[in-house]
Amino acid sequence: MKAFRNPPQIAAPLAAYSHQAEITGSVRWLVLSGQVGMTPAGELPDDPIEQFGLALENVAANLAAAGMRPEDLVKLTIYLVGEIDLDRRRKRLSAWLNDLRPCMTVMTVAGLATPDLRVEIEAIACAEDTPTIVSRQ
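Described below are features of the structure shown in this document. None of these values were measured; they are calculated from a predicted model. For every chain, the first residue of the written sequence is number 1, and numbering continues from 1 onward in sequence order. Note on the predicted model: pLDDT of at least 70 is required for a residue's local features to be given, and 80 or more for side-chain atom pairs to be given and counted; whole-chain, interface and lining totals, by contrast, use all residues. Heavy atoms from the whole structure form the basis of all side-chain values; hydrogens and water molecules are not counted.

Digging into the sheet that holds strand β4 (residues 73-81)
Strand-to-strand pairing in sheets goes through backbone hydrogen bonds, with the strands running parallel or antiparallel.
Then, number 1: Strands qualify as paired when DSSP identifies two bridges or more between them. What counts as a helix is a DSSP run of H or I of at least four residues, what counts as a strand is a run of E of at least two, and both are numbered from the N terminus. The strand order β3-β6-β4-β5 describes an open sheet built from four strands, whose pairing is mixed. Bordering the open sheet on either side are β3 (28-36) and β5 (103-109), each of which pairs with just one other strand. When the angles between neighbouring strand axes are averaged without regard to direction, this sheet yields 10°.
Then, number 2: Here β4 pairs with β5 via seven bridges, running parallel. If you follow T77 over to β5, its bridge partner there is T105.
Then, number 3: In what follows, residue pairs with any heavy atoms lying within 4.5 Å of each other are defined as contacts. To obtain each axis, a line is fitted to C-alpha atoms, and for helices this fit is confined to the stretch in contact; angles are then taken between N-to-C directions over 0 to 180 degrees. Contacting β3, β4 and β6 (119-127), helix α1 (residues 48-65) runs over the sheet at an angle of about 155° to β3.

Digging into the layout of surface pockets
Then, number 1: Grid points spaced at 1 Å and placed over the protein atoms alone form the basis of the search, with a cavity being a set where a 1.4 Å probe fits but cannot get out and a pocket an open set showing protein on both sides within 12 Å along at least five of seven lines. Lining residues have an atom within 4 Å of a point. Grid points are joined across faces, edges and corners, and a volume is the space filled by probe spheres set on the points. Its boundaries defined by the atoms lining it, the second largest pocket holds a volume of some 240 Å³.
Then, number 2: In terms of lining, the second largest pocket is formed by L14, A15, A16, Y17, L86, R89, R90, L93, S94, M104, T105 and V106.
Then, number 3: Where the lining of the second largest pocket is concerned, the elements lending two or more residues are α2 (86-97) and β5.
Then, number 4: Here the residues of the lining of the second largest pocket are counted per class, giving eight nonpolar, two polar and two charged. Here the nonpolar group is Ala, Val, Leu, Ile, Met, Phe, Trp, Tyr, Cys and Pro; Asp, Glu, Lys and Arg are the charged ones; every other residue, Gly included, is treated as polar.

Now the structure itself:
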């Protein structure tokens, strides 16, 4: 269903991600809007690494609500505002991903939806299993 590869004709990835993901077979897709580093109660920490961790937790919560897991991730797009400690960010992401290596793009941008937001993460996932969907609409 999912095959992650790093073709030998190009330089190895700079961090814990894959250059490509090939999806085959019958799958269901989940596309997430950008998830920010805010608690369910609407609290936004000042520390950008705490925001980063919360944004990852919000990605995981969205996956769970769709009956998926982090292993179903295919692509992450990470938007960062300002200088955010590279080593701390990479360690936090690596701990969250474990051995997963989805495709990934990381960008530094001028700003996000509100001035206090420092991190936003978009995600794409796919899975073969039958969904168990939890929704609050």
